[in-house]
Amino acid sequence: GRSTGKSIRSCLFPRHCAWYIPRMVLSSMPIFATSDVSASMRFYQDVLGFEFAWSGPEPLTFGAVSLGPVSIMFLEQPELARQVAGHQHWFNVDDPDALYAQHVERGAKILSPLEDKPWNFREYTVEDPSGYHLRFAGPLAGQAEPSRDFPKDVRIVRRLPSPAEFAAVAEKEFYRDGVPAGVLERSWSGVVALAGEGAIGVVRIMWDAPGWYSIWDVAVAPEWQGRRIGQRLMEEALDCVKEASPGAHVYLFTHKPGFYEKLGFGRERVSMRKA
């Protein structure tokens, strides 16, 4: 279940992006020089909340961690690592207050506390064991749009979306090259949010094994987000599984764990699970 949140900025400073050609640059991943790859990876996992991604053979000289769509690689380069103190890396986050509280609780070395900055971001800075300055920034205080009441004219229906409904709501978010054949046909069940006769939200449920289910493609049309529709879709999907298989385990994969924790899911290393 990959959750769809409000659209994020594709460029921090749009006026500087006139040269951009869509899909030419697909991703970017920093490689941090360090004198101790194992220690760096432990810090990013234990203190900053990243997850283990991969590592080379022992003795460890190369490895990576990830958090949502962001990955960082570490390379053993002691000479270079002695020169990186103060080098900066900037992270765009959706909830800087929640992440700041987590980093303070876990003992991160805070170089500058969380505050609204003149450049219109709420930001704080952490120093990692190699001396890199990690700047975590998100919306200014009070700018995050609160959820509004669930709209009275929206109906939640327990069924798989039609191919047209699924494409209209979820394709842009999850299947930019087109929905692969068989995605809906292989689904066990689903939930659809309807406004009038049109679908504005969808969820797919997969049956993985006896007592094991997974949630996929939780999507709400952008103009309907922030109105508790995603929450109602998930609640209906979980009720559907509970009725079919009491006590079943439900898995999902997401870049926004906070939303699902409110529904009773717990974090695991690469997924979240609800017993």
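Residues numbered from 1 in each chain as written. Predicted model: local features only at pLDDT ≥ 70, side-chain atom pairs only at ≥ 80, totals over all residues. Heavy atoms only, no water.

1. Section: the overall build of the protein chain
Part 1 of the argument: Counting secondary structure elements, the protein chain contains six helices and 15 strands.
Part 2 of the argument: Buried residues in the protein chain amount to 41% of all 275 residues.
Part 3 of the argument: For the protein chain, long-range pairs separated by at least 24 residues make up 58% of all intrachain contacts whose partners lie at least 6 apart in sequence.
Part 4 of the argument: Total accessible area on the protein chain is roughly 15,700 Å²; 54% of this is exposed by carbon and sulfur atoms. (Helix = DSSP H or I, 4+ residues; strand = E, 2+ residues; numbered from the N terminus. Buried < 20%, exposed > 50% of the residue type's maximum accessible area, 1.4 Å probe, protein only. Contact = heavy atoms within 4.5 Å. Areas by Shrake-Rupley, 256 points an atom, 1.4 Å probe, with all protein chains shown as cover.)

2. Describing the side chain of serine 187
Part 1 of the argument: Here serine 187 shows up in the loop between α4 (163–174) and β10 (189–195).
Part 2 of the argument: One polar contact links the side chain of serine 187 to the main-chain carbonyl oxygen of valine 183, over a distance of 2.9 Å.
Part 3 of the argument: Once residues lying within four places of it in the same chain are set aside, the contact partners of serine 187 are Leu160, Arg204, Ile205 and Met206. (Polar contact = N/O pair within 3.5 Å; in protein donor to acceptor, adjacent residues only side chain to side chain.)

3. Observations concerning helix α1 (residues 37–46)
Part 1 of the argument: For α1, the full list of buried residues reads Val37, Ser40, Met41, Phe43, Tyr44 and Gln45.
Part 2 of the argument: Close packing links the buried residues of α1 with β1 (31–34), β2 (51–55), β3 (62–67), β4 (70–76), β7 (122–127) and β8 (133–138).
Part 3 of the argument: If you check the start of α1, you find a side-chain oxygen 3.2 Å away from the backbone N of serine 38, and it comes from aspartate 36.

4. Section: the sheet that holds β4
Part 1 of the argument: As summarised here, the arrangement of the four strands in space is β1-β4-β3-β2, forming an open sheet in which the pairing is mixed. Both edges of this open sheet fall to β1 and β2, since each of them pairs with a single strand only. Neighbour to neighbour, the strand axes of the sheet diverge by 25 degrees on average, direction disregarded.
Part 2 of the argument: In terms of strand pairing, β2 meets β3 through four bridges, oriented antiparallel. Opposite serine 55, over in β3, you have glycine 63 as the bridge partner. (Pairing = 2+ DSSP bridges. Axes fitted to C-alpha atoms, helices over the stretch in contact; angles between N-to-C directions.)

5. Considerations on the sheet that holds strand β6 (residues 109–116)
Part 1 of the argument: Spatially, β5-β8-β7-β6 is the arrangement adopted by the four strands of the open sheet, whose pairing is mixed. Two strands in the sheet have a free side with no partner beyond their single neighbour: β5 (88–92) and β6. The average undirected angle you get between the axes of adjacent strands in this sheet is 15 degrees.
Part 2 of the argument: Sheet topology places β7 next to β8; six bridges connect them, and they run antiparallel. Counted as the bridge partner of threonine 125 is arginine 135 from β8.

6. A closer look at the side chain of arginine 204
Part 1 of the argument: Among the structural elements, arginine 204 can be located in strand β11 (residues 198–209).
Part 2 of the argument: Reaching out from arginine 204, the side chain makes a polar contact with the side chain of tyrosine 175 at a distance of 3.5 Å.
Part 3 of the argument: A distance of 2.8 Å separates polar atoms of two side chains, one belonging to arginine 204 and the other to serine 187.
Part 4 of the argument: If near-sequence neighbours (up to four positions away) are discounted, arginine 204 is found in contact with Phe166, Tyr175, Val183, Leu184, Ser187, Ser189, Gly190, Ser214, Ile215, Trp216 and Asp217.

7. Concerning the environment of methionine 29
Part 1 of the argument: By the secondary structure assignment, methionine 29 is in the segment before β1.
Part 2 of the argument: Apart from the residues within four sequence positions on either side, methionine 29 is in contact with Ser71, Ile72 and Met73.

8. Side note on the confidence of the model for the protein chain
Part 1 of the argument: Predicted confidence across the protein chain gives a mean pLDDT of 85, with 84% of residues reaching 70 or more.
Part 2 of the argument: Within the model, pLDDT remains below 50 along residues 1–22, and this stretch shows 34 contacts once partners closer than five positions in the same chain are excluded. (pLDDT = per-residue confidence, 0-100.)

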